[in-house]
Amino acid sequence: MEASAAAAAASGAEQTSGDLRAGGAAALPLPAAGMGPAGRPVPVLVSVLALGAAVSGGPGPVTCGSVVKLLNVRHNVRLHSHDVRYGSGSGQQSVTGVSAADDGNSYWRVRGRTAAVCPRGTPVRCGQAIRLTHLGTGRNLHSHRFASPLSGNQEVSAFGEDGEGDYLDDWTVVCSGTYWARDSEVRFQHASTDVFLSVTGEQYGRPIHGQKEVHGMAASSQNNYWKVMEGIFMQPSEVFKAEQYHAEL
């Protein structure tokens with residue numbers, strides 16, 4: 001399972017790049033597999049495994065350092081990004097939803113909020129602000145007060161370089177209980193503008209035909225719920241294990 005996940009991250013990149021407009025744009029070749037913008041190496045899941053990650057399913061907390069795919073429960077698409085920029089709004093790297101489960105461009109690393117460190121293996125608490133960094137391009141899930149290209153809701157993009165952007169990369173995990181559980185449905189609320197990460201079904205044409213718009217919505221609804229699917233999960237820290245042990249006594 002570990003090998004197949006790593007191969008997906010290394011070889012699952014889309015084969016087109018360009019601007020994203022309502023009418024589409026001419027396709028441009030992507031950089032060679034394994035390379036990111038400006039020829040920088042793209043990290044793949046092999047590097048995560050080298051840090052001692054474990055592939056695991058079932059219940060348990062989502063931890064910092066984990067690399068995950070997130071499914072929008074209502075529309076059955078995974079949160080995705082790629083080297084295609086919006087042709088309107090901010091012009092930043094676009095974020096979409098894809099139905100394919102094996103697309104390597106749908107992996108996101110769970111990290112602490114901007115200017116904060118969340119040690120690897122630390123469980124993410126409900127109500128905690130985090131960043132989600134796109135594994136393939138090193139840009140963070142981001143939002144700001146631009147209109148999204150299809151629905152006119154708030155644009156969601158990928159922003160920054162090598163995992164460093166700004167405070168608009170922070171999202172609060174909205175869930176019940178103490179920790180973000182891997183088998184639970186959660187919402188992500190933008191820490192600065194309060195919109196929820198959402199999909200409502202609008203679909204793009206060229207150059208990313210069939211992918212769904214991802215945007216921010218002010219209202220909470222069934223379109224906002226996400227669930228962890230495939231991933232590489234960092235083992236919970238010893239502090240968390242001690243808390244669980246004492247809770248059981």
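Residues numbered from 1 in each chain as written. Predicted model: local features only at pLDDT ≥ 70, side-chain atom pairs only at ≥ 80, totals over all residues. Heavy atoms only, no water.

Asker: Sorry, what's going on with the overall build of the protein here?
Answerer: Within the protein, the regular secondary structure consists of 3 helices and 14 strands. Taking all 249 residues of the protein together, the buried fraction comes to 50%. Considering only residue pairs separated by 6 or more positions, the protein has 67% of its internal contacts joining residues 24 or more positions apart. (Helix = DSSP H or I, 4+ residues; strand = E, 2+ residues; numbered from the N terminus. Buried < 20%, exposed > 50% of the residue type's maximum accessible area, 1.4 Å probe, protein only. Contact = heavy atoms within 4.5 Å.)

Asker: Whenever I open this one, the state of the cysteines confuses me. Can you help?
Answerer: Chemically, a disulfide is nothing more than a covalent bond linking the sulfur atoms of two cysteines. Overall, the coordinates contain 2 disulfides when judged by the stated rule. In this model C64 forms its disulfide with C118; the gap between the sulfur atoms is 1.9 Å. Between C64 and C118, the S-S dihedral sits near 85 degrees, and the bridge is therefore right-handed. Here C64 is found in the loop between helix 2 (45-50) and strand 2 (67-72), whereas its partner C118 is found in the loop between strand 5 (108-112) and strand 6 (129-134), with 54 residues between them in sequence. For the residue pair C64 and C118, the accessibility class agrees, reading buried in each case. (Disulfide = S-S within 2.5 Å.)

Asker: Would you take a moment to explain the nonpolar core for this structure?
Answerer: One recurring pattern in soluble globular proteins is that nonpolar side chains are buried together. Within the largest apolar cluster, 27 residues are counted, with the highest numbers of intra-cluster contacts made by L70, L79, L141, W180, F188 and L197. Taken together, the elements giving at least two residues each to this core come down to strand 2, strand 3 (77-86), strand 5, strand 6, strand 8 (154-159), strand 9 (171-174), strand 10 (185-190) and strand 14 (226-232). Residues within four places of L70 in sequence aside, it is in contact with V77, R78, L79, L132, W180, F188, W226, K227 and V228. (Core = buried A, V, L, I, M, F, W, Y, C linked by side-chain atoms within 4.5 Å.)

Asker: Any chance you could explain unusual backbone geometry here in plain terms?
Answerer: Excluding glycine, a negative phi dihedral is what most residues carry, and trans is how most peptide bonds are arranged. Between R206 and the following residue, P207, the backbone shows a cis peptide bond with an omega angle of 5 degrees. Phi is positive for N76, which is not a glycine, with a value near 55 degrees. Relative to the helices and strands, N76 resides in the loop between strand 2 and strand 3. For N76, a relative accessible area of 47% translates into the label partly exposed. Even without being a glycine, D162 presents a positive backbone phi close to 50 degrees. Relative to the assigned elements, D162 resides in the loop between strand 8 and strand 9.

Asker: Honestly, the side chain of R111 in this entry has me stumped. Any pointers?
Answerer: Tracing the backbone shows R111 in strand 5. Take R111: its relative accessible area is 19%, and that puts it in the buried class. At 2.6 Å, the side chain of R111 and the backbone oxygen of G163 are in polar contact. The contact partners of R111, leaving out residues within four places of it in the chain, are C64, C118, I130, R131, T133, N140, G163 and E164. (Polar contact = N/O pair within 3.5 Å; in protein donor to acceptor, adjacent residues only side chain to side chain.)

Asker: How should I be thinking about the environment of Q93 in this particular structure?
Answerer: Summarising the element assignment, Q93 is placed in strand 4 (residues 93-98). You can call Q93 buried: its relative accessible area is 1%. Between the C-alpha atom of Q93 and that of S157, which follows or precedes it by 64 residues, the distance is 5.6 Å. Ignoring anything within four residues of it in the chain, the contact list for Q93 reads S81, H82, V84, R85, Y86, H134, T137, R139, S157 and A158.

Asker: How should I be thinking about the environment of Y167 in this particular structure?
Answerer: Following the sequence through the fold, Y167 ends up in the loop between strand 8 and strand 9. The spatial distance from the C-alpha of Y167 to the C-alpha of A115 is 8.4 Å, given a sequence separation of 52 residues. Beyond its immediate chain neighbours, meaning those up to four positions away, Y167 contacts T114 and S192.

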